[in-house]
Amino acid sequence: MTDDELVALEHENWIGYLTGVVRCACGVRVLRDRGVVTILTGLPMDWFNQVLIEREAATPGAVLAGVAEARERGDPFVVRLREGIDDRFIPTLTQAGLVRPEQRPMPGMVAFPIDRDGMAAHAAPELEIRRVTDAAGVDAHREVATAGFGWDRALALGTACPGLLDRPECVVYVGYTEGEPVVSGLGWRTGRTVGVYSIATIESARRRGYAAAMTARVVADGADAGCDAAALQASEMGRPIYERLGFRTVVEYAAYIDHGSEA
């Protein structure tokens, strides 16, 4: 598979995840217009309020329409462009008053083909990873994600809900040690790709390999379901972990924000 094809799989999966989990939030709007998708939730984080190029046929007018919609809503939002792919929209965003903050681009990473044996090597024997099947499990996932990411609790409430358990493309996880929830995870499947999301470890359980073990479990379950590629978007802290698991960067996302706001 070519890098261009892997980029397309990663991007499709990320949009699938974003437009899927935000359905847990009240008042969410997902707008698709001329190849652009605008996701607005009212949640206090721009990760869940984004304008993204979804198809090659996207137009500058559609990008500006997404920006206008986000400004009207007043949500903290970001436009993310794939470097080298969506660059034609940089002048459009600049003219609209958006700026690129001083920060590294966010890597979109893919593991292909999935190395089942390599994933199995990252298991943590003392960690019991359970697939969530009920509201109590969803609550545990929310608590770990909130503590692990340092989130406002509204973010977990708005992106993890019992309704996700009815979606065949979504699997929610919690990892336990001595009966206590310590790490969260979520898998989102689109076609041949399993996306890895919501990997968060509570502070007291860090540096024990639990994030790697959870990631490996999400990917392994995706492979069991027929996926042969895994995708994720990494923080700088998480990137080395994912590289050890066989992920590599196939695309980088540059952020553009309204002048004076924070990305």
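Structure's up top.
Report on the accompanying structure.

What counts, and at which threshold
- Residues numbered from 1 in each chain as written.
- Predicted model: local features only at pLDDT ≥ 70, side-chain atom pairs only at ≥ 80, totals over all residues.
- Heavy atoms only, no water.
- Buried < 20%, exposed > 50% of the residue type's maximum accessible area, 1.4 Å probe, protein only.
- Helix = DSSP H or I, 4+ residues; strand = E, 2+ residues; numbered from the N terminus.
- Pairing = 2+ DSSP bridges.
- Right-handed = clockwise from strand over helix to strand, strands pointing away.
- Expected span 1.5 Å × (residues − 1).
- Contact = heavy atoms within 4.5 Å.
- Core = buried A, V, L, I, M, F, W, Y, C linked by side-chain atoms within 4.5 Å.
- Disulfide = S-S within 2.5 Å.

In terms of residue burial, strand 11 (residues 229–233) counts as a mostly covered element, since five of its five residues are buried. Residues Ala229, Ala231 and Gln233 point to one face of strand 11 and Ala230 and Leu232 to the other, with burial holding for every one of them. Bridge analysis of strand 10 (residues 193–201) against strand 11 gives three bridges, and the strand direction is parallel. Across the sheet, the residue bridging to Gly195 is Ala231, located in strand 11. Following the backbone out of strand 10, through helix 7 (residues 210–224) and into the adjacent parallel strand 11, one traces a crossover that is right-handed.

The end-to-end C-alpha separation of helix 5 (residues 135–149) is 21 Å, in line with the 21 Å expected for 15 residues at 1.5 Å each. Of the surrounding secondary structure, the elements contacted by the buried residues of helix 5 are helix 6 (153–159), strand 8 (170–177), strand 9 (180–190) and strand 10.

Looking now at unusual backbone geometry. A cis amide bond links Phe112 to the next residue, Pro113, at an omega of -10°. Summarising the element assignment, Pro113 is placed in the loop between strand 6 (106–111) and helix 4 (116–120). Its identity as a non-glycine residue notwithstanding, Arg34 has a phi of 50°, on the positive side. Given a relative accessible area of 45%, Arg34 falls into the partly exposed group. Positive phi, normally seen in glycine, also occurs at Glu178, with a value near 50°. Tracing the backbone shows Glu178 in the loop between strand 8 and strand 9.

Burial of the side chains of strand 3 (residues 50–53) extends over both faces: Gln50 and Leu52 are buried on one face and Val51 and Ile53 on the other. Pairing analysis gives four bridges linking strand 2 (residues 36–40) to strand 3, with the strands arranged antiparallel. By the bridge assignment, Val37 is partnered in strand 3 with Leu52. Pairing analysis gives three bridges linking strand 3 to strand 4 (residues 78–82), with the strands arranged parallel. Across the sheet, the residue bridging to Leu52 is Arg80, located in strand 4.

What follows deals with the nonpolar core. Membership of the largest hydrophobic core comes to 41 residues, with the highest contact counts inside it found for Trp14, Tyr17, Phe48 and Leu186. Here this core gets eight residues from one element, more than from any other, and that element is helix 1 (residues 3–21). Look past the residues within four positions of Phe48 in its chain and what remains in contact with it is Tyr17, Leu18, Val21, Val22, Ile39, Leu40, Thr41, Leu43, Trp151, Leu155 and Thr159.

Here we take up the state of the cysteines. This model, assessed by the stated rule, comprises one disulfide. Distance from the sulfur of Cys26, which forms no disulfide, to the nearest cysteine sulfur (Cys161) is 9.7 Å. Residue Cys26 is classed as exposed on the basis of its relative accessible area, which comes to 74%. Take Cys170: it sits in no disulfide, and the sulfur closest to it among the cysteines is that of Cys24, at 8.1 Å.

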